[in-house]
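What follows is each chain in one-letter form.
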Protein chains: 2
Amino acid sequence: MNIGKAAKLSNLTVKTVRYYANIGLVKPEQNISSGYREYTDEEVAKLKFIGKARKFDFSIDECKELLSLYEDKNRTSKEVKKITLEKISQIDSKLNDLKDLRNELSFLASNCHGDDKPNCPILDELSKN
Amino acid sequence: MNIGKAAKLSNLTVKTVRYYANIGLVKPEQNISSGYREYTDEEVAKLKFIGKARKFDFSIDECKELLSLYEDKNRTSKEVKKITLEKISQIDSKLNDLKDLRNELSFLASNCHGDDKPNCPILDELSKN
DNA sequence: CCTTTACTCTACCCTTAGGGGAAGGTGTAT
DNA sequence: ATACACCTTCCCCTAAGGGTAGAGTAAAGG
């Protein structure tokens, strides 16, 4: 099938599917006369796989890793779990940063009257020495 | 003072300070004969202000807004608070997304034995139709 | 057979907020 | 005069594609 159908079936944009071909993540045959990429069902399955992994916030490089484990029937579940736990720990670290940030900002906001006067503790904090 | 000193005083890199001059965020005079940018104490204060705002996760555009409010002695604290509350709400939304993500990943990981066998519920989920 | 329409191709620039480095000019101390 | 630190502009790089231009291709309708 052509790229448009592959994109539709995998719920990705044509641009994204083409990008994945360009970086070698999925390697469709290319019709010599027309130049059109030709996708098989198996490649569509890989596209779906990547799409899901991306939604789980895995980077393209991590998707590449996961995909090669997916294709390797001699993989160990240990390898997959390791990548997943690393991702979870990245998320935890980002969560902590964001929580701290939220607390600080919300503290600042709660101290600001939010009225028509120019006096503002938020700006004071930002311009504090 | 030259850019190196301004960078040191504001705890930013020279590259960053030059970038802020290029996008017109801080506008130092430029010595005609040498071409060197010349920073005043006031401009260093603005750089510090921007540096702090960036740490609070405000984008460059938001920093530009905050900076113009900082300079406008007729501003209202309402305006500043509005920007801050919007930022908090962005953060909240990101926090919720990340929490959901973490739950899903951690559910997947907990179902994975993480042993030497190829069978893996994480890959199963990613390749589920 | 011809035209329209839909689809596809490559190639280029754009996004954030700078980082890295080259090539070359400036300032100052020795 | 030379060494060294500092400064300049210019260009390419990041992640993951989005947008658009210009051109070729496929399939359907007349």
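The model shown is predicted, which means the values in this text are computed figures rather than measured ones.

## Details of the protein's contact with DNA strand D
Around DNA strand D, 20 residues are found, and the nearest of them are Lys 15, Tyr 20 and Tyr 36 of chain A together with Gly 4 and Arg 18 of chain B. Counting only the atoms of DNA strand D that lie within 4 Å of the protein, the sugar and phosphate share comes to 72%. Separating a base oxygen of DNA strand D from a side-chain N or O atom of Lys 15 of chain A is a distance of 2.6 Å. One nitrogen or oxygen atom from the side chain of Arg 18 of chain B is found 2.7 Å from a phosphate oxygen belonging to DNA strand D. A per-element tally of the surface near DNA strand D places helix α2 (residues 14-22) of chain A first, with four residues.

## A closer look at the protein's contact with DNA strand C
Not every one of the 20 residues close to DNA strand C is listed here, only the nearest: Gly 4 and Arg 18 of chain A together with Lys 15, Tyr 20 and Tyr 36 of chain B. Elements that contribute at least two residues to the surface near DNA strand C include exactly α1 (3-10) and α2 of chain A together with α2 (14-22) of chain B. Examining the composition of the surface near DNA strand C, we find that four residues originate from one element, α2 of chain B, more than from any other.

## Some details on unusual backbone geometry
Generally, phi is negative for residues other than glycine and the peptide bonds are trans, each holding for most cases. If you check the backbone angles, Asn 11 of chain B has positive phi at about 60° while not being a glycine. Along the chain, Asn 11 of chain B falls in the loop between α1 (3-10) and α2.

## Describing the packing of α1 of chain A against α2 of chain A
Residues and elements named next belong to chain A. Direction vectors running N to C along α1 and α2 enclose 105°, while the axes themselves pass 9 Å from each other. By the angle between their directions, the pair α1 and α2 is classed as roughly perpendicular. Note on element contacts: α2 touches α1 through Val 14, Val 17 and Arg 18, opposite Ile 3, Gly 4, Ala 7 and Ser 10. Partitioning the contact of α1 with α2 into residue classes produces four nonpolar, two polar and one charged.

## A short note on the domain arrangement of chain A
Accessible area lost when the parts come together is the quantity often used to give the size of an interface. Here chain A is described as being made up of domain 1 (1-58) and domain 2 (76-129). For domain 1 of chain A and domain 2 of chain A, the distance between their C-alpha centroids amounts to 36 Å.

## Side note on the packing of α1 of chain A against helix α3 (residues 41-55) of chain A
All names here are of chain A. Close contact between α1 and α3 brings their axes to 9 Å; oriented N to C, the two are set at 45°. It follows from the interaxial angle that α1 and α3 lie oblique. Crossing handedness for the pair α1 and α3: right-handed. Here Ala 6, Leu 9 and Ser 10 of α1 lie close against α3, whose contacting residues are Val 44, Leu 47 and Lys 48. Considered class by class, the residues forming the contact of α1 with α3 number four nonpolar, one polar and one charged.

## Concerning the interface of chain B and chain A
In this assembly, 51 residues from chain B lie in contact with 51 residues from chain A. Linking chain B to chain A there are six salt bridges. In this structure, Glu 125 of chain A and Lys 52 of chain B form a salt bridge, with 4.0 Å as the shortest nitrogen-oxygen distance. Taken together, chain B and chain A are joined by 19 residue pairs in polar contact (both at pLDDT 80 or more). The leading source of residues in the side of chain B that touches chain A is helix α5 (residues 77-111) of chain B, at 21 residues.

## Remarks on the relation of the copies chain B and chain A
With an RMSD of 0.2 Å, chain B superimposes on chain A once it is rotated by 180° and translated 0.0 Å along the axis. Expressed as a symmetry operation, the mapping of one chain copy onto the other fits a two-fold axis. Among all C-alpha atoms of chain B, that of Leu 95 of chain B lies closest to the rotation axis, at 3.2 Å. Residue by residue, 100% of the interface of chain B is reproduced at the interface of chain A, so both copies engage with the same surface.

Conventions used here
Residues numbered from 1 in each chain as written. Chains lettered and ligands numbered in written order. Predicted model: local features only at pLDDT ≥ 70, side-chain atom pairs only at ≥ 80, totals over all residues. Heavy atoms only, no water. Near = heavy atom within 4 Å. Polar contact = N/O pair within 3.5 Å; in protein donor to acceptor, adjacent residues only side chain to side chain. Helix = DSSP H or I, 4+ residues; strand = E, 2+ residues; numbered from the N terminus. Axes fitted to C-alpha atoms, helices over the stretch in contact; angles between N-to-C directions. Parallel < 35°, antiparallel > 145°, perpendicular 65-115°, else oblique. Contact = heavy atoms within 4.5 Å. Nonpolar A, V, L, I, M, F, W, Y, C, P; charged D, E, K, R; others polar. Domains from an automatic or database assignment. Left-handed = near helix turned anticlockwise from the far one by under 90°. Salt bridge = Lys/Arg side-chain N within 4 Å of Asp/Glu carboxyl O. Least-squares fit on C-alpha atoms with pLDDT ≥ 70 in both.

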